[in-house]
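Listed below are the residues making up each chain.
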Amino acid sequence: MTFDTSKLLSPRANAADEGAIIRMSQKTRDLRAKGHDVVALTIGEPDFDTPENIRTAAKEAMDKGFTHYAPTAGMADLREAVAEKLRVENKLNYEAANIVLANGAKQAVNNAVLSLIGPGDEAIMMAPYWVSYEGSVKFAGGKAVIVESTVAENYKPPIARIAAAITPATKLIFLNSPSNPTGAVWSRAELEALAAEVRKHPNLMVLSDEIYEYILFEGEMVSFGSLPGMLDRTITLNGFSKGFAMTGWRLGYAAAPLPVAVAMARMQSIISAGANQFVQKAAVAALKGPRDEVERMRKIYQQRRDMVLSGLRAIPGVKIGPIPGTFYAFPDVSAFLGKRVGNHVIDTSDQLCDWLLEQHGVTTVPGSAFGAPSSIRLSFAASEADIEKALARLKKGLGELA
Ligand SMILES: Cc1ncc(COP(=O)(O)O)c(C=O)c1O
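This one's a predicted model, so the numbers in the text were calculated from it and none came from an experiment. (Residues numbered from 1 in each chain as written. Predicted model: local features only at pLDDT ≥ 70, side-chain atom pairs only at ≥ 80, totals over all residues. Heavy atoms only, no water.)

Draft legend 1. Local environment of the packing of helix 3 (residues 52-63) against helix 10 (residues 277-288). Packing of helix 3 against helix 10 leaves a shortest axis separation of 8 Å and a crossing angle of 140°. With respect to helix 10, the element helix 3 is oriented oblique. The handedness of the crossing between helix 3 and helix 10 comes out as right-handed. Each of N53, I54, A57, A58, A61 and M62 in helix 3 lies in contact with helix 10, whose residues at this interface are F278, K281, A282, A285 and A286. Looking at the contact of helix 3 with helix 10 residue by residue, the class counts come to nine nonpolar, one polar and one charged. (Axes fitted to C-alpha atoms, helices over the stretch in contact; angles between N-to-C directions. Helix = DSSP H or I, 4+ residues; strand = E, 2+ residues; numbered from the N terminus. Parallel < 35°, antiparallel > 145°, perpendicular 65-115°, else oblique. Left-handed = near helix turned anticlockwise from the far one by under 90°. Contact = heavy atoms within 4.5 Å. Nonpolar A, V, L, I, M, F, W, Y, C, P; charged D, E, K, R; others polar.)

What follows is the structure, given as structure tokens:
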């Protein structure tokens with residue numbers, strides 16, 4: 001190459017980080033290509049196929065000609081079906097006009113952030129947080145303000161710590177319950193305490209990411225926007241990827257007060273236009289159809305959760321709290337950092353994850369990717385056989401560092 005195009009890249013392109021999950025996945029592929037036996041607990045993706053009734057609805061929709069551009073904010077019947085789902089299941093009083101379908105919940109996050117956040121604005125996220133929140137706030141030119149919490153707090157910071165981070169520039173608080181990466185679930189009382197704080201600040205909204213609502217093992221799913229006075233202060237985010245095992249279909253949504261919903265559709269019209277028509281038809285079938293498959297998957301995740309919890313608790317030095325929801329475990333591994341193996345020292349969770357992968361054939365994700373560098377994330381959206389193998393490898397590997 002004679003002309004170096006890298007010098008043309010925009011500051012935004014240079015600042016965007018592809019992320020640790022993609023890096024660990026690539027390393028896993030490279031090692032497997034060299035013949036290594038690697039068990040990967042990397043990706044937050046159901047290992048189940050999409051339920052049959054949903055697949056059938058997509059095929060039928062395609063045959064009926066739903067292969068064209070959809071309205072940017074989504075097709076009328078799906079917006080209505082989502083609004084009804086949110087009213088009935090989540091006690092959120094939305095109309096179809098409040099709903100904006102997007103090409104994945106990830107895009108819905110970006111639509112919301114781009115609608116509210118610009119240079120000078122701050123958004124609070126509670127570490128450990130889902131990687132993309134930070135990326136989208138920075139992409140929008142805003143400042144990500146991190147509020148930390150520990151495994152001993154079950155990864156839910158006391159409200160006073162959140163309150164202390166709020167400034168006149170704070171426009172948004174990210175709330176993710178059940179949480180990726182920690183599996184934490186906020187109780188009604190905890191959410192009410194957060195709502196009481198939000199009420200004190202007239203220019204503050206909460207983005208409540210409820211995408212793991214159907215993967216709940218203990219406790220009650222409470223939607224933040226259902227608390228008194230909070231509907232106008234909330235953007236409710238959800239999607240089809242996790243609960244309905246529809247990751248590859250790329251469909252998610254955000255529900256918001258009308259001005260924000262209109263702005264979100266405008267953001268989307270610039271970036272991608274409306275989501276795929278036959279996918280939207282399939283989503284109507286997902287919402288209106290039977291939920292036995294969703295429940296079957298939830299029960300299997302629960303069994304795996306039990307396996308993972310007892311496996312991790314049996315490793316001396318690992319600190320792990322309860323996992324009331326999602327398919328993630330986020331053990332604190334600080335006891336293993338700073339330990340010497342051979343002639344090098346493992347100082348960070350990034351180095352620990354690399355070492356576990358290279359020396360013990362198990363892929364996890366370093367907590368640094370989630371703003372929590374003393375932990376690692378394991379996804380148990382994997383077969384029981386793989387989980388068992390991975391736990392044995394972790395036990396052996398971490399045992400060498402103890
Ligand atoms: C907390 C959280 N929110 C949103 C998403 C985005 O989901 P999707 O874009 O697949 O709909 C994910 C996916 O990993 C997630 O973990």
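Draft legend 2. Fine view of the sheet that holds strand 13 (residues 365-366). Taken in spatial order, the three strands line up as 9-14-13 in an open sheet, and their pairing is antiparallel. Each of the sheet's edge strands pairs with one partner strand only, and the pair in question is strand 9 (328-329) and strand 13. One ladder, built from two bridges, connects strand 13 with strand 14 (residues 376-379); its direction is antiparallel. Residue pairing across strands places P366 opposite I376, the latter belonging to strand 14. (Pairing = 2+ DSSP bridges.)

Draft legend 3. Examining the packing of aromatic side chains more closely. By the definition in use, this model includes 12 aromatic pairs. On the numbers, 5.5 Å between centres and 70° between planes, the contact of F48 with Y301 is edge-to-face. Taken together, the residues span a long stretch of sequence, with F48 in the loop between strand 1 (39-40) and helix 3 and Y301 in helix 11 (residues 292-313) at a distance of 253 residues. For the pair formed by F48 and Y301, the shared burial category is buried. For the pair Y133 and F174, a centre-to-centre distance of 4.4 Å together with 25° between the ring planes defines the contact as stacked. On the criterion of sequence distance, the pair formed by Y133 in helix 6 (residues 131-139) and F174 in strand 5 (residues 170-176) is long-range, its members being 41 residues apart. With respect to burial, Y133 and F174 carry one shared label: buried. Taken together, the ring pairs in this structure connect F48, Y212, Y301, F327 and Y328 into an aromatic cluster. Sitting over the face of the ring of F139, R12 holds its NZ or CZ atom 4.9 Å from the ring centroid. Taking the ring centre of F66 as reference, the NZ or CZ of K281 above it sits at 4.5 Å. (Phe/Tyr/Trp six-rings, centres within 6.5 Å; stacked < 30°, edge-to-face > 60°. Buried < 20%, exposed > 50% of the residue type's maximum accessible area, 1.4 Å probe, protein only. Lys NZ or Arg CZ within 6 Å of the ring centre and 35° of its normal.)

Draft legend 4. A look at the nonpolar core. If you look at the biggest cluster of nonpolar residues, it comprises 76 residues, and the most contacted ones within it are L172, F174, I235, L312 and L352. Lining this core are residues from two domains, each supplying at least three of them: domain 1 (5-49 + 293-401) and domain 2 (66-288). Residue contacts for F174: discarding those within four places in its chain leaves V109, V113, A123, I124, M125, M126, Y133, V137 and L207. Core analysis: the next-biggest nonpolar cluster, separate from the first, contains 30 residues, L92, Y94, A275 and L287 among them. (Core = buried A, V, L, I, M, F, W, Y, C linked by side-chain atoms within 4.5 Å. Domains from an automatic or database assignment.)

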